[in-house]
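# Architecture and fold: a report
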Amino acid sequence: MTENEILEIFRQHSAVLEGHFILSSGLHSNRYIQCALVLQHPRVAEQLCSELAAKLKHLGAKVVAAPALGGVIVSHEVARALGVRALFTERQEGAMTLRRGFSLEPGEPTLVVEDVVTTGSSTRETMTAVEQAGGCIVGVGSLIDRSGGKVDLGVPRAALVTLEVKNYDPADCPLCQSGIPAVKPGSRAKK
Ligand SMILES: [Zn+2]
């Protein structure tokens, strides 16, 4: 599938929102991609994640991990396509942690996936949690990359759609300055 075909799936599910949004990173933006609206359809989730899995298969991962909640379905469906385990990390007292008895073999090759990468901060935190549990990060994937490909996580990275979306520091946000109320459609509580 081409990037445009995939983006069209997001548009068909009204998952590309225009307005004034507070992202989970704390940055503001005029565009928000609500992946949950696409991923609520298991067959679409399976289709998109198998496309992502095909881009990451050569890395030889034995496990896929993602930050909860946004990454859980992506992790599960990418792992299904690769025939490997799916784990997720959760915030415990502010730190991304592997809980629920999840464990990794020493040096086990692991992919970290996300629904959307903006600054890469939650991916980075998940990578740290996996490494602390003994895993070895072989690559990173997301359905959407909002950074225009700029985020560098030091490992191979793939995304189905790469967008260059303007993000603003709240102190310097033209949408705030024009008095448009900001809404927070994401899942993570503001830090
Ligand atoms: Zn703003």
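Scroll up to find the structure this text is about.
All values derive from a computational prediction rather than experimental measurement. (Residues numbered from 1 in each chain as written. Predicted model: local features only at pLDDT ≥ 70, side-chain atom pairs only at ≥ 80, totals over all residues. Heavy atoms only, no water.)

## Here's the deal with the sheet that holds strand 9 (residues 167-168)
The three strands lie next to each other as 1-2-9, forming an open sheet whose pairing is antiparallel. Two strands close off the open sheet at either side, each with one partner strand: strand 1 (16-22) and strand 9. Sheet analysis places strand 1 next to strand 2 (residues 28-33), joined by five bridges and oriented antiparallel. Each bridged residue has a counterpart across the sheet, and for I22 the counterpart in strand 2 is H28. (Pairing = 2+ DSSP bridges. Helix = DSSP H or I, 4+ residues; strand = E, 2+ residues; numbered from the N terminus.)

## Some words on the nonpolar core
The nonpolar side chains of soluble globular proteins are, as a tendency, buried together. If you look at the biggest cluster of nonpolar residues, it comprises 36 residues, and the most contacted ones within it are F10, L48, V78, L143 and I144. Those elements giving two or more residues to this core turn out to be helix 1 (3-12), helix 2 (35-39), helix 3 (42-56), strand 3 (63-67), helix 4 (72-82), strand 6 (109-117), strand 7 (136-145) and strand 8 (157-162). Looking at this core, the element that brings in the most residues is helix 3, giving seven residues. If near-sequence neighbours (up to four positions away) are discounted, I144 is found in contact with F10, I33, C35, D115, V116, V117, A159, V161 and L163. (Core = buried A, V, L, I, M, F, W, Y, C linked by side-chain atoms within 4.5 Å. Buried < 20%, exposed > 50% of the residue type's maximum accessible area, 1.4 Å probe, protein only. Contact = heavy atoms within 4.5 Å.)

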